[in-house]
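Examination of the molecular architecture
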Amino acid sequence: MQLRSLATLAISATLLLSGCGGGGTTTTAVSKEALSRECIRCHEDAVSPGTKVSLISEWQGSSHALANGAGCADCHEPAIGHPNVCSTCHGGGGSPTGYEVTRNPDTDGKCLKCHGVSHSEDVLMKNAPQHFGSVSGTGVVGASYVNVANQGKCRSCHNPHQNTLTPQHRAFALSGHGKTDAEAFNHYDFKSRTDGCNRCHTSTGFKKYVTDFATPTPAFGVGDTTRGVLGCDTCHESYNYKSSLRQLAAVSAPYKGVAAARFPDVGESNLCLPCHAGLESGATINALADGAFGNAGFENSHYLAAAGLMYMKIGFTNFTSASAPFGSSTYGQSLSPDSDSTPGGMLKATTSAHRNLGTPLINGDRHNLSFFVPGVLDKNGPCVTCHLNGSGVAKREASGHSMKIDANAYRQVCINCHTSENTVPLAADGSDFARIFLEPQAEAYEEALRLMEHLLLTKYEISFNKAVYPYFYDEKILPVNGKKQAVRDWTRGGTVNGKKMMGACFNFNLLKREPAAYAHARSYSRRLIYDSIDFLDDGIMNGSTGATALASGLTMGDHVTPVYVKDDSAYNTAGGTISTIYGNTSEAMLYLIGWSRSTGKWNAVERP
């Protein structure tokens, strides 16, 4: 036993000298696998606390092992003489003091031996600023993957034994949540703000918020000057990603002016709703006294409010009475979701196939009766289904962690309803989906917003600057020190309804900041635009939006072709099915006003 203990001491000493960051003479003649065998002999039954699988097999399949990069002792740095083999096997008097001590490489910072900002051989050195940013607190170097809150917790994103970067890691780093140069993570030092920004612009703030739905306090930023992206641990509770997704109950948005804007329980997609519900809603404006609008600051909807739009919670919808008739419905019903798909909905209100994706309500959907059956795209909610990975179908590349609606998303989800556009077939691989289907709709949507902006400027002398808060500026007032003055008088000198004017501007800002609203909430976004223009053109709701568009004189990029053209019909029909666009009718007009999906003709009531 004495000889065996001496052998163990020799192996342990060799292990300590073998790592890339272990100091001393680096041993390259013996593989990390061989140097780790004594550790494996005692720890072969060890199970990863995160993934619950063999810790040894995870390490053996990692880049640490396969690239001969690091063995057990390189990371754990056991004390010389660990373990005392005699006492371990024969129940002796125990090990000499310190012999059993090993390091937790994560909390003890041992990962930085090889992956630190100063290691010249680090394969991640080209990404060192993205990983470490201003961890030292010596200034801001953009946002980073690591901040003070998770320093010493590499396990927030990485399996410590199967350390190989996954496709999901790489896709996430390019997504809107993981880009270290994104405006959402660099505009302010969000951790130090007192207005609740940190609940969506920091991982720590989000985790605190979804725990008790109380807005995190500035304490989350005390002593921490780092700016971080929304890392893996924002949505996942451990590196066992498949089994550690944070579980949230149904979400309510804390809009001012409404007791509770309740959203449906959409499973995994609940994680997306707290931030994508938006900051304020039209109810915030409704709650202001009518006499306040002669001198009031703009109420900001905030940005990328896809959920607020999809569930029809956020827009300003007080241009007329909720009971006013519009076609076969009423104004209020046309701006509310159907009661089956979300709390607070109304009978005969607005349905949405996109809103039903990822829920049992998609089963039996008329767009594809043979595909939408139980078990297929009917759980995890619409956000996860479309942007990450749908249920019951072939897995998407990198599980969709790029969050993009790209060819992968088309092949998995969109193709089941959208196989052509205006009789032009879409490629089954999704390669032309964006060009033929998405881009024309996005352009028509942006043209509708351009018409709103045109009316604000030409009729009311209100300009819009997307880059400078509070975005809406009064062209009636001379600049002060070269700076335009923000709109405060929404009544425009007492000539218009100030509440509705701010509401129209609210809708414009809301929709301008959510460029995919035409897909997330097609009917709702069209109606918000139509109603805002209908008010802006003459101050009353009288169905004049189409005429206003035709008279606007707006032209395409060639400065000749008119944006809005309305021919005798919207679409041609073939065999009772709408097909190509009729005559000279423009895509922008098709988006702006209503037409019949069965006949292709313009609706008698043009509001969509």
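See above for the structure.
Residues numbered from 1 in each chain as written. Predicted model: local features only at pLDDT ≥ 70, side-chain atom pairs only at ≥ 80, totals over all residues. Heavy atoms only, no water.

Turning next to the nonpolar core. For soluble globular proteins, nonpolar side chains are generally found buried alongside one another. Counting 88 residues, the largest nonpolar core has Leu 309, Phe 472, Trp 490, Met 501, Ile 529, Tyr 564 and Leu 592 as the members making the most contacts within it. It is helix H22 (residues 433–460) that contributes the most residues to this core, 13 residues altogether. Here Trp 490 is in contact with Phe 293, Ala 296, Gly 297, Phe 298, Phe 472, Val 496, Asn 497, Gly 498, Met 501, Met 502 and Cys 505, once residues within four sequence places are set aside. Phe 371, Phe 372, Val 376 and Cys 386 belong to the second largest nonpolar core, which has 8 residues in total. (Core = buried A, V, L, I, M, F, W, Y, C linked by side-chain atoms within 4.5 Å. Buried < 20%, exposed > 50% of the residue type's maximum accessible area, 1.4 Å probe, protein only. Helix = DSSP H or I, 4+ residues; strand = E, 2+ residues; numbered from the N terminus. Contact = heavy atoms within 4.5 Å.)

Across all of its chains, the model carries 16 salt bridges by this definition. Glu 237 is paired through a salt bridge with Arg 246; the nearest N and O atoms lie 3.5 Å apart. Given the relative accessible area of 55%, Glu 237 is considered exposed. Two residues, Asp 474 and Arg 492, come together in a salt bridge whose shortest N-O distance is 2.8 Å. Here Asp 474 is found in strand S8 (residues 472–474), whereas its partner Arg 492 is found in the loop between S8 and helix H23 (498–512), with 18 residues between them in sequence. You can call Arg 492 buried: its relative accessible area is 3%. Through salt bridges with shared partners, one network takes in Glu 77, Lys 110 and Lys 113. (Salt bridge = Lys/Arg side-chain N within 4 Å of Asp/Glu carboxyl O.)

This paragraph deals with the packing of aromatic side chains. Summed over all chains, the structure comprises 21 aromatic pairs. Each ring, one from Phe 464 and one from Tyr 471, has its centre 6.5 Å from the other, and the planes form 50°; the classification is tilted. Where Phe 472 meets Phe 508, the ring centres are 6.3 Å apart and the plane angle is 65°; that geometry is what we call edge-to-face. Here the residue Phe 472 occupies a position in strand S8, and Phe 508 occupies one in helix H23, the gap between them amounting to 36 residues. Its relative accessible area of 1% is what places Phe 472 among the buried residues. Assessed through its relative accessible area of 0%, Phe 508 is described here as buried. Following the ring pairs from residue to residue traces out a cluster consisting of Phe 298, Tyr 303, Phe 464, Tyr 469, Tyr 471, Phe 472, Trp 490 and Phe 508. When the ring centre of Tyr 471 is taken as origin, the NZ or CZ atom of Arg 513, which lies over that ring, is 4.1 Å away. Stacked on the ring of Trp 602, the Lys or Arg Lys 566 has its end atom at 5.5 Å from the ring centre. (Phe/Tyr/Trp six-rings, centres within 6.5 Å; stacked < 30°, edge-to-face > 60°. Lys NZ or Arg CZ within 6 Å of the ring centre and 35° of its normal.)

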